[in-house]
Amino acid sequence: MKMVSTIAEMQRLADDLRCQGKRIGVVPTMGYLHEGHLSLIKIARQNADSIITTIFVNPTQFGPDEDFAKYPRDLDRDTKLAETAGTDILFVPSAEEMYRDDHFTYVTVEKLTDVLEGKARPMHFRGVTTIVTKLFNITKPHVAVFGQKDAQQAIVIERMIRDLNFDLRIIVAPIVRDNDGLAMSSRNVYLCQRERIESTVLSQSLRLAETLIAQGERKCSTVISEMTKLITTTSAKIDYVSIVDAETLREYITLPSGARVLISLAARFGTTRLIDNTIITV
Ligand code: AMP
């Protein structure tokens, strides 16, 4: 595996690969890799010839009161994991390499970023769509793999690709969970033992929603209130629990049959904010 830290070298390598007729797959990450990230790299391997994994803790997607400074980092460990999972090139630029002092250009996707995570974290998606655009221009991929763990992010990026005619295909990979159901996340290391045990309530509430809907419940307020009841048996502070159309992100009041629905939530355990979701067809 080759390590690259400059934009110029990464673009040159990507050009070489394209000239050789190789299909490039990219997996953008913020590092501190876990099985969720590794599953994306493996899926990229199955869908492209040369795999570029990127590690960059992107300052522009963090709010001023968020965890940018303390976001977990371990490049040595990440390097080994990324290579074992099938990465050919690990692109690890510095913040100075990615953002010059006079960086004035941002990419924004409207409407879809006004709700859910976008409402709770203003400017977050502007940072995400800007860095993803930059990473696409630097790694020149045919295929990019993102996780359903960040469902709204995947939906926003898919819309950006469609609207701006990026010449690449997106694959959205399923959520990888720990044995007890907690969705894997680099942020799970922040949880103390009690919070880690309590956090399983998030995936349990999503399973409860699936069961209620499978049993015929169609009123979203009922499903949301049952989920809320379950989550608040713990110390969790709910940010939102929401049921929306999985493409437009418009809220449902009553679920129409055949609808593809995103049930998502964000909650805080102490200072740690976790998100989880499920997508179902009613
Ligand atoms: P991050 O490093 O948290 O920015 O995540 C990088 C990519 O990995 C994003 O596309 C995430 O959606 C994806 N990802 C993170 N956690 C998981 C997970 N548990 N299962 C699948 N994909 C994940």
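Quick caveat: nothing in here was measured; it's all calculated off a predicted structure. As a convention, each chain's residues are numbered from 1 in the sequence order in which they are written. In view of the model being predicted, local features appear only for residues whose pLDDT reaches at least 70, and side-chain atom pairs are presented and counted only at 80 or more, with totals across whole chains, interfaces and linings using the full set of residues. Excluding hydrogens and water, the side-chain values take into account all heavy atoms of the structure.

## Quick look at the overall build of the protein chain
Here's step 1: Runs of E in the DSSP output that reach at least two residues are strands. Runs of H or I that reach at least four are helices, and both are numbered from the N terminus. Helix and strand counts for the protein chain come out as 10 helices and nine strands.
Here's step 2: Our radius of gyration looks at C-alpha atoms and nothing else; its globule reference is 2.2 Å times the residue count to the power 0.38. On C-alpha atoms alone, the protein chain measures out to a radius of gyration of 19 Å, which is about the 19 Å that the 2.2 N^0.38 rule sets for 282 residues.
Here's step 3: The C-alpha extent of the protein chain, read off along each of the three principal axes, is 55 × 40 × 40 Å.
Here's step 4: For the protein chain, with 282 residues in total, the buried portion stands at 56%.
Here's step 5: Working rule for contacts: check all heavy atoms of both residues, and any pair within 4.5 Å makes them a contact. A fraction of 72% describes how many contacts in the protein chain between residues 6 or more apart in sequence connect residues 24 or more apart.
Here's step 6: Residue-level accessible areas treat just the shown protein chains as cover; the underlying method is Shrake-Rupley with a 1.4 Å probe. Accessible surface computed for the protein chain: about 13,500 Å², of which carbon and sulfur atoms make up 50%.
Here's step 7: Of note, the protein chain has its 35 positive side-chain charges centred 2 Å away from the centre of its 36 negative side-chain charges. Think of it in three bands: residues with accessible area under 20% of the maximum for their type are buried, residues over 50% are exposed, and the middle band is partly exposed, with areas taken using a 1.4 Å probe on protein chains only. We treat Lys and Arg as the positive residues and Asp and Glu as the negative residues; His and chain ends play no part in the count. In this description, the location of a charge corresponds to atom NZ of lysine, CZ of arginine, CG of aspartate or CD of glutamate.

## With respect to helix 3 (residues 75-85)
Here's step 1: Taken as a whole, helix 3 has its buried residues at Asp 78, Thr 79, Ala 82 and Ala 85. Buried residues along helix 3 cover an arc of 140 degrees about the axis, so they all sit on one side. Exposed positions of helix 3 whose direction lies more than 90 degrees from the buried face are Asp 76, Lys 80 and Thr 84.
Here's step 2: Buried residues in helix 3 make contact with strand 1 (2-4), helix 2 (35-47), strand 3 (50-55) and strand 4 (89-91). Directions from the helix axis toward the C-beta atoms define the arc.

## Considerations on unusual backbone geometry
Here's step 1: Despite not being glycine, Lys 140 has its phi angle at roughly 50 degrees, a positive value.
Here's step 2: Relative to the assigned elements, Lys 140 resides in the loop between helix 6 (124-139) and strand 5 (143-147).
Here's step 3: Even without being a glycine, Leu 249 presents a positive backbone phi close to 65 degrees.
Here's step 4: Relative to the elements of secondary structure, Leu 249 occurs in the loop between strand 7 (237-245) and strand 8 (260-269).
Here's step 5: Looking at Leu 249, the relative accessible area reads 4%, which means it is buried.

## As for the sheet that holds strand 7
Here's step 1: Here, a strand pair is defined by DSSP locating no fewer than two bridges between the strands. One open sheet holds the three strands; their spatial order is 7-8-9, and the pairing between them is antiparallel. The two strands at the open ends of the sheet, each matched to only one other strand, are strand 7 and strand 9 (272-281). Ignoring strand direction, the axes of neighbouring strands in this sheet form an average angle of 10 degrees.
Here's step 2: As paired strands, strand 8 and strand 9 are joined by 10 bridges and run antiparallel to one another. Bridging from a neighbouring strand, Arg 260 pairs with Thr 281 of strand 9.
Here's step 3: Against the sheet, helix 9 (residues 200-214) engages strand 8 and strand 9, with an angle of about 20 degrees to strand 9. All axes here are fitted lines through C-alpha atoms, helices being fitted over the stretch that makes contact, and every angle between N-to-C directions spans 0 to 180 degrees.

## Thoughts on a nonpolar patch on the surface
Here's step 1: Without a salt bridge and with relative accessible area above 30%, a residue can belong to a patch; like charges are then joined within 9 Å and nonpolar side chains (Val, Leu, Ile, Met, Phe, Trp, Tyr) within 5 Å. Whenever Lys or Arg places a side-chain nitrogen within 4 Å of a carboxyl oxygen from Asp or Glu, that contact is recorded as a salt bridge. Nonpolar side chains collect at one region of the surface, where Met 1, Met 3 and Leu 75 lie side by side and expose about 240 Å² of accessible area between them.
Here's step 2: The residue Met 1 is located in the segment before strand 1 in this model.
Here's step 3: Its relative accessible area of 31% is what places Met 1 among the partly exposed residues.

## Observations regarding the packing of helix 2 against helix 3
Packed helices, taken two at a time, are described by their axes: the angle between them and the distance between them.
Here's step 1: Here helix 2 crosses helix 3 at 35 degrees, and the two axes come no closer than 9 Å. In the packing of helix 2 onto helix 3, the handedness of the crossing is right-handed. Facing Leu 38, Ile 41, Lys 42 and Arg 45 of helix 2, the residues of helix 3 in contact are Leu 81, Ala 82 and Ala 85.
Here's step 2: When residue character is reported, Ala, Val, Leu, Ile, Met, Phe, Trp, Tyr, Cys and Pro are called nonpolar, Asp, Glu, Lys and Arg charged, and the others, Gly included, polar. When grouped by side-chain class, the residues that make up the contact of helix 2 with helix 3 number five nonpolar, no polar and two charged. In this scheme the crossing of two helices becomes right-handed for a clockwise turn of the near helix relative to the far one and left-handed for an anticlockwise turn of less than a right angle.

## Here's the deal with the domain arrangement of the protein chain
Here's step 1: Each domain's extent was defined by an automatic or database domain assignment. For the protein chain, the assigned domains read domain 1 (2-173) and domain 2 (186-281).
Here's step 2: Taking only C-alpha atoms into account, the centre of domain 1 sits 26 Å from that of domain 2.
Here's step 3: Each side of the interface is counted separately: domain 1 has 22 residues, and domain 2 has 21 residues.
Here's step 4: Throughout, the accessible surface (probe 1.4 Å) given up by two parts as they are put together, summed over both, is called the buried area. Carbon and sulfur atoms make up 53% of the surface buried where domain 1 meets domain 2, a total of about 1,800 Å² over both sides.
Here's step 5: Of all residues in domain 1, Leu 116, Glu 117 and Ile 155 bury the most surface against domain 2, accounting for 30% of the area lost on that side.

## As for the environment of Met 184
Here's step 1: Its location among the elements puts Met 184 in the loop between strand 6 (169-173) and helix 8 (193-198).
Here's step 2: The spatial distance from the C-alpha of Met 184 to the C-alpha of His 37 is 9.0 Å, given a sequence separation of 147 residues.
Here's step 3: Those residues in contact with Met 184 that lie beyond four places of it in its chain are His 34, Glu 35, Gly 36, Lys 149, Val 176, Arg 177 and Asp 178.

## Things to note about the pattern of salt bridges
Here's step 1: In this structure the tally under the stated criterion is 17 salt bridges.
Here's step 2: With a closest N to O distance of 3.7 Å, Glu 9 and Lys 2 form a salt bridge.
Here's step 3: In this structure Glu 9 comes out as partly exposed when scored by relative accessible area, which is 24%.
Here's step 4: Residue Lys 2 is classed as partly exposed on the basis of its relative accessible area of 39%.
Here's step 5: Sharing partners across several salt bridges, the network here consists of Glu 117, Asp 239, Arg 268 and Arg 273.

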